[in-house]
Amino acid sequence: MDAVRVTGVALRNFRCYARAEARLAPGLTVVVGANGAGKSNLLEALYFGCTGRSSRTSSERELVRFGERVARVSVDVEAPDGGHRLEVGFEPGEAKVMRVDGAKVDSLARVDVRPLVSVFMPDRLDLVKGPPALRRAHLDRFVAALWPARGDTRQRYSRALAQRNALVARVRAGAASPSLLDTWDVELARAGIALMAVRGEALTSLSEPFSQLAAQLGLSGEARLGYRPRSRAATADELRAELRERREEDLARGFTTHGPHRDDLELAREGRPLRAYGSQGQQRAALLALLFAERELLAARGRPPLMLLDDVMSELDFPRRERLIELLRSGGQAVVAATEPEHVPGCGDPDVALLTVAEGAIAAREQVSA
Amino acid sequence: MSSLSPPVNRLITELSRLPGVGQRTAQRLAFHILRLPPEEALPLAEAIREVKEKVGQCEVCFNLAVGPRCRICEDERRDPSLICVVEEPSDILPIERTNEFNGRYHVLGGALSPIDGVDPEDIRIPELLERVAAGGVREVVVATNSTTTGEATALYIAEQMRERSPNVAVTRLASGLPVGADLEYADEITLGRALRARREL
């Protein structure tokens, strides 16, 4: 699969935008505007148009411009086989309508001409400091992007887990025989070992680039990315035996207490988890390092993600800004939002697109030729 | 809805209970049926009545049957020592079309699913175990779906058979690439599975 890049985006009644369009550069695009001008909304629209999902956690209802009924985003992409258009329409209470070149699709996830997207925005720091479930979900999405053939590993485990939990509840209520757990333990253990294997492999490949990038992006001291599996089992049989040992506890508590649904990945500095001991700045650097490490691996497989970076520049000192922009321009496509153009070194370069947002409008600033 | 008369509403409600039919489609079908002349609409009702009156379950394998046994169980040329276990009667059709299978079937009528409260006794697993224990069976081919519930059902059957009829072989359908299909068009999951289960040439 070859790289897919975004050439343009069009918004209709999306957040603060009634109607707006923008063209992206093949490499770096810089979005400049005052706070509240709509920079984040433009980045979110790109994410929405490429994935069919919102990049923020808030209610999707708010995606629709106040007083309007339907929000629409269309994204033009350039793939090796030519241009394509992805469209996502959203009306609260209705199923989203997604199209590729005018033809309806159920999901954009399996669409080949869709660019992968990687987002940095301040509320994503939850990935570092929030609960393990966020990190597991992020890791599993990365696994699916990196190895599409293993994309169902997590779903298979989740389905088996839901069934086993339902069975635990029924056994507890005396509605089913405990011996039935033998079968579901085998199914859960098989799916669980597969999930642990892909997670472990992904983290092993990420750990070295992560440590290097963390150092470059301002995380002093030795930074490490590690897998913290709940189970030490190496085979499905071992995991099944572990589940068997904990059966009484599971039945007492009413759910499956052991297995990769309780895994974590740890971002640590000097041997201490950043989740608990990191400053805001250290957590930010770690998140950036993780996203760039992921980009490195995806790029090696021919699918560098579109990087969307919101509100990161103002928090970095000048050398870090330079390093970050250098990384972004080293390959792949990126959109960076900043309050001041001065925060983005090199934003005046001719190969960089500079967009100015204000009052729900997006303007491409004329490049000043030297 | 309330502007329609009760018989029309009833038709729409009944149609919307069919799998894959939502409220909108049910309405469209109902209005289509209303437009049909009686001699075209009533055969549908008659066909439903007839199928419910005449078609039952085979007493041996629980396939659809007109009479006590299905056509496959009545066919003396089919090998009774080989049993293929499927979830639904509709799963028999594709296997029959291969012309590769000359054994008999056993239709479970579903798959194990604790979420839906489906236990082994709720599908025809006890009947399968009895049927095999009665003797004359050398192999059971488990052809349940390649889903979580289908796999668990296969595992359960295999465990039970090992305990009760250890001399009977239990096999599972392989999963892999559709024949004649270009690799290019295979979905990643299937292709990935086929890669992992590759064999030496």
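Computed from a predicted model, the values in this text were never measured in an experiment.

Just checking my understanding: could you explain the packing of aromatic side chains for this structure?
Describing an aromatic ring pair means giving the distance of the ring centres and the angle of the ring planes. All names here are of chain A. Taken as a whole and judged by the stated rule, the model has 2 aromatic pairs over all chains. Ring geometry for F14 versus F48: centroids 5.6 Å apart, planes at 45 degrees, classification tilted. On the criterion of sequence distance, the pair formed by F14 in strand β1 (residues 5-14) and F48 in helix α1 (residues 39-51) is long-range, its members being 34 residues apart. Of the two residues examined, F14 and F48, each falls in the buried class.

Please explain the side chain of A:E187 as it appears in this structure.
By secondary structure assignment, the location of A:E187 is in helix α5 (residues 180-216). For A:E187, a relative accessible area of 1% corresponds to the buried category. With near-sequence residues (within four places) excluded, A:E187 lies in contact with A:R156, A:A160, B:T148, B:E151, B:A152 and B:L155.

Even after reading the chapter, I still don't get the environment of A:A18, so can you show me in this structure?
All names here are of chain A. Locating A18 in the fold gives a position in strand β2 (residues 17-23). Sequence-wise, A18 and E68 are 50 residues apart; in three dimensions their C-alpha atoms are separated by 9.0 Å. In contact with A18, other than residues within four places in its own chain, are L11, R12, N13 and R65.

What am I meant to see in the nonpolar core here?
A general feature of soluble globular proteins is that nonpolar side chains tend to end up buried together. Residues and elements named next belong to chain A. Ranked by size, the top nonpolar core spans 67 residues in total, and within it F210, F292, L309, L324 and L328 carry the most contacts. Among the elements that make up this core, the one with the highest residue count is α5 (13 residues). Both of domain 1 (1-116 + 307-370) and domain 2 (129-302) provide at least three residues apiece to this core. Setting aside anything within four residues of it in sequence, one finds L309 in contact with L43, F120, L288, L324, L328, V335, V336 and A337.

Help me understand a negative patch on the surface in this model?
There is a patch of like negative charges on the surface, built from A:E78, A:D81, A:D101 and A:D112. When you line up the elements, A:D81 lands in the loop between β4 (71-79) and β5 (82-90).

What exactly am I supposed to notice about the pattern of salt bridges here?
Pairing between side chains becomes possible if they bear opposite charge and their charged atoms approach one another. All names here are of chain A. As enumerated under the stated definition, the model contains 32 salt bridges over all chains in all. Across the salt bridge formed by D140 and R199, the nearest N and O atoms sit 2.8 Å from each other. Here R199 lies in helix α5 and D140 lies in helix α3 (residues 132-146), a separation of 59 residues in the sequence. With relative accessibility at 2%, the residue R199 sits in the buried group. D185 serves as the salt-bridge partner of R247, at 2.9 Å between the closest nitrogen and oxygen. You can see R247 sitting in helix α7 (residues 247-253) and its partner D185 sitting in helix α5, a full 62 residues away along the chain.

Any chance you could explain helix α9 (residues 280-300) of chain A here in plain terms?
Working note: α-helix, 3.6 residues per turn, so residues spaced by three or four point in the same direction. All names here are of chain A. For α9, which comprises 21 residues, the first-to-last C-alpha distance of 30 Å matches the rise-based estimate of 30 Å (1.5 Å per residue) to within 8%. The element α9 is extensively covered by neighbouring structure, given that 16 of its 21 residues are classed as buried. Just downstream of α9, G302 is the residue with a positive phi angle, here 85 degrees.

Sorry if this is basic, but what is going on with the domain arrangement of chain A here?
When the parts of a complex come together, some accessible area is lost, and that lost area is often used as the size of the interface. All names here are of chain A. Looking at chain A, the domain boundaries give domain 1 (1-116 + 307-370) and domain 2 (129-302). In this assembly, 16 residues from domain 1 lie in contact with 15 residues from domain 2. Summed over the three residues of domain 1 that lose the most area to domain 2, namely M307, R320 and L327, the buried surface amounts to 34% of that side. Between domain 1 and domain 2 we count 1 salt bridge in total.

Conventions adopted
- Residues numbered from 1 in each chain as written.
- Chains lettered and ligands numbered in written order.
- Predicted model: local features only at pLDDT ≥ 70, side-chain atom pairs only at ≥ 80, totals over all residues.
- Heavy atoms only, no water.
- Phe/Tyr/Trp six-rings, centres within 6.5 Å; stacked < 30°, edge-to-face > 60°.
- Helix = DSSP H or I, 4+ residues; strand = E, 2+ residues; numbered from the N terminus.
- Buried < 20%, exposed > 50% of the residue type's maximum accessible area, 1.4 Å probe, protein only.
- Contact = heavy atoms within 4.5 Å.
- Core = buried A, V, L, I, M, F, W, Y, C linked by side-chain atoms within 4.5 Å.
- Domains from an automatic or database assignment.
- Patch = residues over 30% accessible without salt bridge, like charges linked within 9 Å, V, L, I, M, F, W, Y side chains within 5 Å.
- Areas by Shrake-Rupley, 256 points an atom, 1.4 Å probe, with all protein chains shown as cover.
- Salt bridge = Lys/Arg side-chain N within 4 Å of Asp/Glu carboxyl O.
- Lys, Arg positive; Asp, Glu negative; His and termini not counted.
- Charge placed at Lys NZ, Arg CZ, Asp CG, Glu CD.
- Expected span 1.5 Å × (residues − 1).
- Buried area = accessible area lost by both parts, 1.4 Å probe.

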